[in-house]
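Residue-level listing of the chains:
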Amino acid sequence: MKLYTCSNCHSLIYFENNICLHCGYSLGFNSNTLSLITLVAENDLLYSNIQNKKELYRYCKNAEYATCNWLVSTTQNSEYCQACALNRVIPALTSEENLKRWKNIEVAKHRLVYSLLRLRLPVSKKIDNEETGIAFDFLADSSPKEKVITGHDNGVITLNIEEADEAARVRHKLDLGEKYRTLLGHFRHEIGHYYWELLIKNSDALEKYRLLFGDEEADYTKALDAYYKNGAPSDWSEFYISPYATSHPWEDWAETWAHYLHMMDTLETAFSFGIRIQPDMVQDTKAIQASIQQDPYDMTDFGQIIKWWLPLTFAVNSLNRSMGHSDFYPFVITEPVVKKLQFIHELCLKNARNTNYPRW
């Protein structure tokens, strides 16, 4: 995530901010330029860009619920921003608990959409394109016996809103032995299934995908049944990013895709802060040195991305342990996994649209 500042007072601001806490000006995110704009209130709930009064915006309709700070240009007819327009079903907002969960969900989903736009991948809503569009359904269990299953089906990503409850998510994390289970992680995993269908299925990338990940035509239900019955093989960490990735080539793809998005967004944040890793007390620091001097989204060399990623995660894992927390990134990336990640990086570059976002 890019580092943002208020255009009025130049204070640092978070991606989710709708107001500058230092000077009080309103803020809104423009998905067309991927910029957080400082706003001046005009008539009829419209706002102008403080740096260009000719640019007029209104807030996304979901700003009414404090779940979105993205903007809609007055040149557009939609009530909803590019991220919220992807929603098909949201929780019933008849309870404070549901509203709280939905807010948490939207924070994660907006960060997901930001990453997809930074990668310049196609992001279209299903209402406009039934075959290749995206839709989000955020659902609650109707009864203890009828559980909503988080997953993906033909561009529709369903999320059980219980995942937005921290206590429930930690229980699931412990029950399933998952080291990394977050709302954003769910979104990144499930959108990976969508982009498999969009970028790989019926494409010339399918053959290389099968060489790296395996044959996706293997029976999916039987594979998952076997995984939940027997678990991952003992040597899973040599070839896969997570135990669940061993269950089926589709899940290996989705788990690796999610980790690719983790890497790209985290490294962009590190780049924005000018982070350097150079421990003074270690004689041979080559393996754990990093000076992150370029935005990863602008890079073609995945080898350099990996060279930066490993020292960064070692440093942040060490910081987490100093605070008494578990590791920030509890994974080991082996050479077979690097090849899978590189395949994803090259695939994204190949399918990037010609949208030219400004360089930071």
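Throughout what follows, the structure given in this document is the object of discussion. Because the structure is predicted, anything quoted here is derived from the model rather than measured.

1. Some remarks on the pattern of salt bridges
Right, on to step 1. Scanning the model with the defined rule gives 19 salt bridges in all.
Right, on to step 2. With its nearest N and O atoms 3.3 Å apart, the salt bridge here joins Lys61 to Glu64.
Right, on to step 3. Residue classification places Lys61 among the partly exposed residues on the basis of a relative accessible area of 29%.
Right, on to step 4. With a relative accessible area of 56%, Glu64 lands in the exposed category.
Right, on to step 5. One salt bridge connects Asp252 with Lys340, and the closest N-O pair in it is separated by 2.7 Å. Here Asp252 is found in helix 6 (residues 249-272), whereas its partner Lys340 is found in helix 8 (residues 335-351), with 88 residues between them in sequence. Across this residue pair, the class does not change: Asp252 and Lys340 are buried.

2. Focus: the nonpolar core
Right, on to step 1. Ranked by internal contacts, the top residues of the largest apolar core, which has 82 residues, are Trp70, Ile191, Tyr195, Trp253, Trp257, Tyr260 and Ile333.
Right, on to step 2. Sorting elements by how many residues they give to this core places helix 1 (residues 96-118) first, with nine residues.
Right, on to step 3. In this view, Tyr260 contacts Leu119, Phe302, Leu341, Ile344, His345 and Cys348; residues no more than four positions away in its chain are not counted.
Right, on to step 4. Among the nonpolar cores identified, the runner-up in size contains six residues, and Ile37, Leu39, Tyr47 and Leu71 belong to it.

3. Looking at the side chain of Ser247
Right, on to step 1. With respect to the helices, strands and loops of the structure, Ser247 is situated in the loop between helix 5 (220-230) and helix 6.
Right, on to step 2. Classification of Ser247 by relative accessible area gives buried; the value is 7%.
Right, on to step 3. Contacts of Ser247, omitting those with residues within four sequence positions, involve Ala223, Leu224 and Tyr227.

4. Brief notes about the side chain of Asn30
Right, on to step 1. Tracing the sequence through the fold places Asn30 in strand 3 (residues 26-30).
Right, on to step 2. Those residues in contact with Asn30 that lie beyond four places of it in its chain are Ser35, Ile37 and Tyr57.

5. Remarks on empty space enclosed by the protein
Right, on to step 1. All chains considered together, the criterion is met by one cavity of 30 Å³ or more.
Right, on to step 2. Put simply, the largest cavity is a space of about 80 Å³.
Right, on to step 3. Contributing to the lining of the largest cavity are Arg118, Leu119, Arg120, Tyr260, Met264, Pro296, Tyr297, Met299, His345, Cys348, Leu349 and Ala352.
Right, on to step 4. Looking at the lining of the largest cavity, the elements that each hand over two or more residues are helix 6 and helix 8.

Parameters and conventions
- Residues numbered from 1 in each chain as written.
- Predicted model: local features only at pLDDT ≥ 70, side-chain atom pairs only at ≥ 80, totals over all residues.
- Heavy atoms only, no water.
- Salt bridge = Lys/Arg side-chain N within 4 Å of Asp/Glu carboxyl O.
- Buried < 20%, exposed > 50% of the residue type's maximum accessible area, 1.4 Å probe, protein only.
- Helix = DSSP H or I, 4+ residues; strand = E, 2+ residues; numbered from the N terminus.
- Core = buried A, V, L, I, M, F, W, Y, C linked by side-chain atoms within 4.5 Å.
- Contact = heavy atoms within 4.5 Å.
- 1 Å grid on protein atoms, 1.4 Å probe; cavity = no way out; pocket = protein on both sides within 12 Å on 5 of 7 lines; lining within 4 Å.
- Points joined across faces, edges and corners; volume = space filled by probe spheres on them.

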